[in-house]
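# Inside the fold
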Amino acid sequence: MSKSVFIIFLNIAFGSVALSTTTVTIGSAGDHMYFDKTYFEVKAGSRVKILFKNNSTFAEHNLVIVKPGTVQQVVDQGFAADAKKDFIVESPNIIAHTRMLEHGESQILTFKAPTTPEDYPYTCTYPTHAAGMKGVMRVLSISE
Ligand SMILES: [Cu+2]
């Protein structure tokens, strides 16, 4: 089976839901230490594309989406890793993350949503920012 025929087969077999992409735009709220979007929804297992922009005029920010209940652990590990590691330590608790962006920078983050419907928190791991920079990515079951 040629590749294009196979892709057509997949489209017919699984419909557009499995191949859909949710695109979300998130930024830091100007110079404030919070996100300008604190909630969004995606379908379980779907493709997610986040356009993240650091709108600050002075601060560095990243966007880190983690498993439920692990924000503090991920933030603490990042703090211990220090600036030379961009305040982040790769871990199975991290679903997806941008790099640490300078003010004015942006990054497109693409990943596959978790397959377990739950609320996945996101934060910024720059020291002290997690206190205000928080949001929730709700993963909905495919039938919702
Ligand atoms: Cu930050």
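Fair warning: this is a prediction, and the values are worked out from it, not measured in the lab.

## Here's the deal with the overall build of the protein chain
Looking only at helices and strands, the protein chain features two helices and eight strands. Taken over 144 residues, the protein chain has a buried fraction of 26%. Contacts spanning at least 24 positions in sequence make up 71% of the contacts within the protein chain whose residues lie at least 6 apart.

## Details of the environment of V75
Relative to the helices and strands, V75 is located in helix α2 (residues 71-81). Sequence separation between V75 and F87 is twelve residues; the distance between their C-alpha atoms is 7.9 Å. Those residues in contact with V75, other than ones at most four positions away along the chain, are T123, T125 and A130.

## Details of unusual backbone geometry
Residues other than glycine seldom take positive phi values, yet D82 does so here, at roughly 80 degrees. Position of D82 among the secondary structure elements: in the loop between α2 and β5 (94-97). With 10 C-beta atoms packed within 10 Å, D82 lands in the exposed category. Residue F87 is not a glycine yet carries a positive backbone phi of 55 degrees. The exposure class assigned to F87 is buried, which follows from the 23 C-beta atoms found within 10 Å.

## Let's talk about the sheet that holds strand β3 (residues 47-53)
Strands in a sheet are paired, the pairing made by backbone hydrogen bonds, and the direction either parallel or antiparallel. With mixed pairing, three strands are arranged side by side in an open sheet as β1-β3-β6. Edge positions in the sheet fall to β1 (21-27) and β6 (106-112), since each of these pairs with one other strand and no more. Sheet twist, expressed as the average angle between the axes of neighbouring strands with direction ignored, equals 15 degrees. Bridge count for β1 against β3 is seven bridges, and the pairing is parallel. From the neighbouring strand, I26 faces β3, where its bridge partner is F52.

## A few points about the sheet that holds strand β4 (residues 64-66)
Across the sheet, which stays open at both edges, the five strands sit in the order β2-β8-β7-β4-β5 with mixed pairing between neighbours. Edge positions in the open sheet fall to β2 (39-43) and β5, since each of these has one partner strand only. Within the sheet, the average angular offset between the axes of one strand and its neighbour, ignoring direction, is 25 degrees.

About the cut-offs
- As a convention, each chain's residues are numbered from 1 in the sequence order in which they are written.
- The predicted origin of the model limits local features to residues at a pLDDT of at least 70 and limits the giving and counting of side-chain atom pairs to 80 or more, whereas totals for whole chains, interfaces and linings rest on all residues.
- Segments assigned H or I by DSSP are reported as helices when at least four residues long, segments assigned E as strands when at least two residues long, and all are numbered from the N terminus.
- Three exposure classes are used, based on other C-beta atoms lying within 10 Å of a residue's own C-beta, which is placed from the backbone: buried for 20 or more, exposed for 12 or fewer, and partly exposed in between.
- Contact criterion: two residues are in contact if their C-beta atoms, reconstructed from the backbone, are within 7 Å.
- Whether two strands pair comes down to DSSP finding at least two bridges between them.
- Inter-axis angles, ranging from 0 to 180 degrees, are taken between N-to-C directions of lines fitted to C-alpha atoms, where helices are fitted over the stretch in contact.

The values reported here are purely geometric and, on their own, carry no functional implication.
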